[in-house]
Amino acid sequence: MQTLLTDRELLESLAVEVEIALRRHVDAAVEWQPHDYVPWDDARNFAFLGGIDWEPEQSELSEVAKLALTVSVLIADNLPSYHRELGKHLRTGPWWRWVGRWTAEENRHAILIRNYLMVTRAVDPVELERLRMAEMTAGFRRKPLHLLDILAAAALEETAAAIRHRNTAALRENPLVTSISERIAADDELQARFFAELIGAAFEQAPDQAMRAVADRIAAFRVPSFTLPDGRSTDQALAEAGIYDPAKQGELVFTPLLTEWNVFTRTDLGEAGEAARAELVSHCAASDGAGSRP
């Protein structure tokens with residue numbers, strides 16, 4: 001039987017891996033500036049400052065692009081909640097430095113998308129602000145999780161976000177929307193890589209606990225969702241638009257990570273780890289084979 005490590009012991013034993021992964025992340029990240037992607041020459045005042053308020057005909061974006069960017073900015077604007085949920089578990093040494101870096105990157109995404117939407121008058125700014133107020137007031141809370149659950153959930157979430165932004169770029173709506181979406185997707189992919197590397201390291205130190213965390217987080221995985229003014233959930237709207245379909249996340253989100261972590265070929269599991277893996281296999285099979293053994 002494997003010895004169970006406490007969260008404090010895992011924080012300490014994985015600290016070196018965090019430092020290495022953080023340095024690798026910073027070295028791989030391309031420096032970019034959000035103001036470079038905003039067509040400032042298109043800007044004009046709203047009525048409050050003597051200009052003209054927003055009207056639907058001012059938007060030049062398709063409904064799909066407006067939906068995708070609205071979802072992205074609302075998720076990113078809810079950053080204080082995500083920062084709190086991540087930061088309350090990772091308050092020491094390199095862990096805390098990573099939380100700061102991740103938060104700064106995510107905030108940059110919100111700044112960029114919001115500025116683009118406002119300058120180009122792509123969406124109704126009043127409606128967007130009301131949605132932002134509602135989402136941030138509701139906030140985001142997780143039930144208490146162990147450290148490895150937090151890391152596994154983050155790896156899944158960032159992988160899903162990257163897919164959503166890559167699909168937004170694939171719309172080829174216009175050169176700027178494509179560039180913005182590709183730029184954010186690249187950040188998401190690097191962030192997903194950071195969390196995935198830590199889960200990989202955890203499998204080497206505590207394989208049973210890592211398998212339990214991965215099985216539980218995949219079973220419970222849901223992307224952030226909220227209700228649109230037309231009554232649809234963003235899950236439904238994004239799936240209909242081909243931007244992100246939860247029915248495909250087994251293939252697109254789970255399988256690549258499970259393969260990277262050698263989940264189905266590991267030989268270092270104890271009884272608890274084998275039980276968790278069996279649950280994972282059953283869950284994958286129930287999802288129409290998505291994420292099944294390669």
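Scroll up for the structure.
Residues numbered from 1 in each chain as written. Predicted model: local features only at pLDDT ≥ 70, side-chain atom pairs only at ≥ 80, totals over all residues. Heavy atoms only, no water.

A count of helices and strands for the protein gives 12 helices and 0 strands. Beginning at the N terminus, the succession of helices and strands in the protein can be written as α-α-α-α-α-α-α-α-α-α-α-α. With the C-alpha coordinates of the protein rotated into their principal frame, the extents come out at 70 × 40 × 30 Å. Sorting the 294 residues of the protein into buried and exposed places 49% on the buried side. Total accessible area on the protein stands at roughly 14400 Å², and carbon and sulfur atoms take up 54% of it. Charged side chains of the protein number 31 positive and 46 negative; the gap between the two group centres comes to 3 Å. (Helix = DSSP H or I, 4+ residues; strand = E, 2+ residues; numbered from the N terminus. Buried < 20%, exposed > 50% of the residue type's maximum accessible area, 1.4 Å probe, protein only. Areas by Shrake-Rupley, 256 points an atom, 1.4 Å probe, with all protein chains shown as cover. Lys, Arg positive; Asp, Glu negative; His and termini not counted. Charge placed at Lys NZ, Arg CZ, Asp CG, Glu CD.)

A few words now on the layout of surface pockets. Reported here for the largest pocket is a volume of approximately 770 Å³. The wall of the largest pocket is formed by 38 residues, among which Tyr-82, Phe-140, Arg-142, Glu-157 and Pro-224 lie closest to the centre. Residue assignment for the lining of the largest pocket shows that the elements contributing at least two residues are α3 (63–77), α4 (79–87), α5 (93–119), α7 (147–170), α8 (175–205), α9 (207–220) and α10 (234–241). Counting residues per element, the lining of the largest pocket draws most heavily on α7, which supplies 9 residues. (1 Å grid on protein atoms, 1.4 Å probe; cavity = no way out; pocket = protein on both sides within 12 Å on 5 of 7 lines; lining within 4 Å. Points joined across faces, edges and corners; volume = space filled by probe spheres on them.)

Moving on, we get to the pattern of salt bridges. In the structure shown here, the tally under the stated rule is 21 salt bridges. Arg-266 is the salt-bridge partner of Glu-204, the closest N and O atoms lying 3.2 Å from each other. Pair noted here: Glu-204 is in helix α8 and Arg-266 is in the loop between α11 (249–260) and α12 (271–286), with a separation of 62 residues, a long-range link. The salt bridge involving Glu-240 is made with Arg-232; its shortest N-O contact spans 3.1 Å. Classification of Arg-232 by relative accessible area gives partly exposed; the value is 27%. Beyond isolated ion pairs, a larger network of salt bridges with shared partners links Asp-77, Arg-114, Glu-129 and Arg-132. (Salt bridge = Lys/Arg side-chain N within 4 Å of Asp/Glu carboxyl O.)

At a closest axis distance of 10 Å, the pairing of α5 and helix α6 (residues 125–138) adopts a crossing angle of 155°. Taken together, α5 and α6 sit at an angle that is classed as roughly antiparallel. Every residue of α6 that contacts α5 at Arg-114, Leu-117 and Met-118 is listed here: Pro-125, Leu-128, Glu-129 and Arg-132. Of the residues contributing to the contact of α5 with α6, the split by class is 4 nonpolar, no polar and 3 charged. (Axes fitted to C-alpha atoms, helices over the stretch in contact; angles between N-to-C directions. Parallel < 35°, antiparallel > 145°, perpendicular 65-115°, else oblique. Contact = heavy atoms within 4.5 Å. Nonpolar A, V, L, I, M, F, W, Y, C, P; charged D, E, K, R; others polar.)

Over its 31 residues, α8 extends 45 Å from the first C-alpha to the last, a length consistent with the 45 Å expected when each residue adds 1.5 Å. Structurally, the start of α8 carries an N-cap: the backbone nitrogen of Leu-176 is 2.9 Å from a side-chain oxygen of Asn-174. (Expected span 1.5 Å × (residues − 1). Polar contact = N/O pair within 3.5 Å; in protein donor to acceptor, adjacent residues only side chain to side chain.)

Another point: the packing of aromatic side chains. Applying the stated rule across the entire model yields 6 aromatic pairs. Ring geometry for Trp-98 and Phe-194: centres 3.7 Å apart, planes at 10°, overall stacked. A residue pair is termed long-range when its members are at least 10 positions apart, and Trp-98 in helix α5 and Phe-194 in helix α8 qualify at 96 residues. Between Phe-221 and Phe-254 the ring centres are 5.9 Å apart and the planes differ by 80°, which places this aromatic pair in the edge-to-face class. With Phe-221 in the loop between α9 and α10 and Phe-254 in helix α11, the pair connects residues that are 33 residues apart, well separated along the chain. Pair check on accessibility: Phe-221 and Phe-254 agree, each one buried. Ring pairing ties together the aromatic residues Trp-98, Phe-194 and Phe-195, which thus form one cluster. (Phe/Tyr/Trp six-rings, centres within 6.5 Å; stacked < 30°, edge-to-face > 60°.)

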